[in-house]
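Residue-level structure breakdown
Residues per chain, in single letters:
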Amino acid sequence: QKISEPTLSMDFMVNDSPLAGKEGKFVTSRHIRDRLFRELNTDVSLRVEDNPGSENSFKVSGRGELHLSVLIETMRRQNYEFQVSRPTVIMKEIDGVKCEPMELLIIEVPDTYVGAVMEKLGTRKAELINMGTRESGMTHIEFRIPARGIMGYRSEFLTDTNGNGIMNHVFDGYEPYKGEIISRHQGSLVAHETGETTNYGLFAAQERGRLFLGAGIPVYEGMIVGASPKNEDITVNVCKKKHITNTRASGSDDALKLTPCSPLSLEQSLEFIADDELVEVTPLNIRLRKKVLSKELRMKQASRKK
């Protein structure tokens, strides 16, 4: 039996955030490299390469997001600490044509949600190949979709179907590149400074978007603390403290009503991050961050691109 080829790759790197080395036991590039190459003894469809030009980074290729996130979660539980980049699909040149991996996507949803699912998948270059209704008010739909189109879709699918949909997908060969897919329509809320989150700072920040963490959490400049509904990043000061004045109304601080935060799981974090962001993985925490932590440097880079 032929072993299926990897379709996705991501970079595994030494953690270099301001909180690096505080929570994991195995943190050096040698630790991470040895562990990744050891995985090859038991996982035949995994590929690991040294990244040229960086001794602290390794390119790991696997059979999809789930395959790679299981490896990340396993390493995390074994006390490893590291960072990973956004997964990217592995393109192939076939007869001089740039081709990409395709997936057969099989979905079962209650009839009421079919429209929302079709609309979303249409923008992700999915092609409908089969559709039928079941007696129980469920609709069975099959699509062919670029592997890129599925990345980041699972959490949207759960929201669009109120958790009532089931989706499965399986590799379905290579086809010529289908063109650009815009998969992320939101920006990040990025911490302005290093410190600890306060109720006061979070209360002001929650108007700008959805927060991933609550009060009393250590953050650093450039760390992602939430999602912005706009298509751009917003810098927020979640460590802001209230100025002390002489007049204090009793209970005024307790009156700050915080919307419950929604922490991201490992899979959701990998789906959420953009190309200029990383997921920091430690035995105790999963954090999201910008590759370039300094706001000034990020702005300089952005103006250079323009």
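Our structure's up above, just so we're on the same page.
Residues numbered from 1 in each chain as written. Predicted model: local features only at pLDDT ≥ 70, side-chain atom pairs only at ≥ 80, totals over all residues. Heavy atoms only, no water.

We now examine the overall build of the chain. For the chain, the helix and strand inventory stands at eight helices and 18 strands. Relative to its length of 306 residues, the chain is compact, with a C-alpha radius of gyration of 22 Å against a globular reference of 19 Å. The C-alpha extent of the chain, read off along each of the three principal axes, is 75 × 50 × 40 Å. Across the 306 residues that make up the chain, the buried fraction comes to 44%. (Helix = DSSP H or I, 4+ residues; strand = E, 2+ residues; numbered from the N terminus. Rg over C-alpha atoms; globule rule 2.2 N^0.38 Å. Buried < 20%, exposed > 50% of the residue type's maximum accessible area, 1.4 Å probe, protein only.)

Position of Ser17 among the secondary structure elements: in the loop between strand E1 (8–13) and helix H1 (29–39). In this structure the side chain of Ser17 is engaged in a polar contact, spanning 3.0 Å, whose partner is the side chain of Glu280. Non-local contacts of Ser17, meaning those with residues more than four positions away in its chain, are made with Gln83, Tyr220, Glu280 and Arg289. (Polar contact = N/O pair within 3.5 Å; in protein donor to acceptor, adjacent residues only side chain to side chain. Contact = heavy atoms within 4.5 Å.)

What follows concerns the pairing of strand E4 (residues 82–85). Taking every second residue as pointing to the same face, both faces of E4 are buried, with Phe82 and Val84 on one and Gln83 and Ser85 on the other. Looking at chain direction, E1 and E4 are connected through two bridges and run antiparallel. Among the inter-strand pairings, Met13 is bridged to a residue of E4, identified as Gln83. Bridge count for E4 against strand E17 (residues 277–281) is four bridges, and the pairing is antiparallel. Counted as the bridge partner of Val84 is Val279 from E17. (Pairing = 2+ DSSP bridges.)

All right, on to helix H3 (residues 114–123) then. If you check which residues of H3 are buried, you get Val114, Val117 and Leu121. With its buried residues spanning 65° around the axis, H3 presents them on a single face. Residues of H3 that are buried in the fold lie against strand E7 (97–110), strand E8 (127–133), strand E9 (138–146) and helix H5 (153–160). Positive phi appears at Lys125, one or two residues downstream of H3, with a value of about 65°. (Arc of directions from axis to C-beta.)

Once that is clear, we can look at the environment of Val238. Position of Val238 relative to the elements: it lies in the loop between strand E16 (234–236) and helix H7 (266–272). Relative accessible area serves as the criterion here: at 1%, Val238 is assigned to the buried category. Separated by 48 residues in sequence, Val238 and Val190 place their C-alpha atoms 9.2 Å apart. Those residues in contact with Val238, other than ones at most four positions away along the chain, are Ala191, Glu196, Thr197, Thr198, Gly201, Leu202, Ala205, Val219 and Val225.

Core analysis: the largest hydrophobic core is formed by 31 residues, its most contacted members being Phe12, Leu36, Val60, Ile72, Met75, Phe82 and Val84. Elements supplying a minimum of two residues to this core: E1, H1, strand E3 (57–62), helix H2 (65–77), E4, strand E15 (223–228), H7 and E17. By residue number, the principal contributor to this core is H2, which donates four residues. The residues touching Phe12, leaving out its near neighbours within four places in the chain, are Leu36, Asn56, Ser57, Phe58, Val60, Leu71, Ile72, Met75, Phe82, Gln83 and Val84. Counting residues in each nonpolar core, the second largest holds 16 residues, with Val219, Met223, Val225 and Val238 among its members. (Core = buried A, V, L, I, M, F, W, Y, C linked by side-chain atoms within 4.5 Å.)

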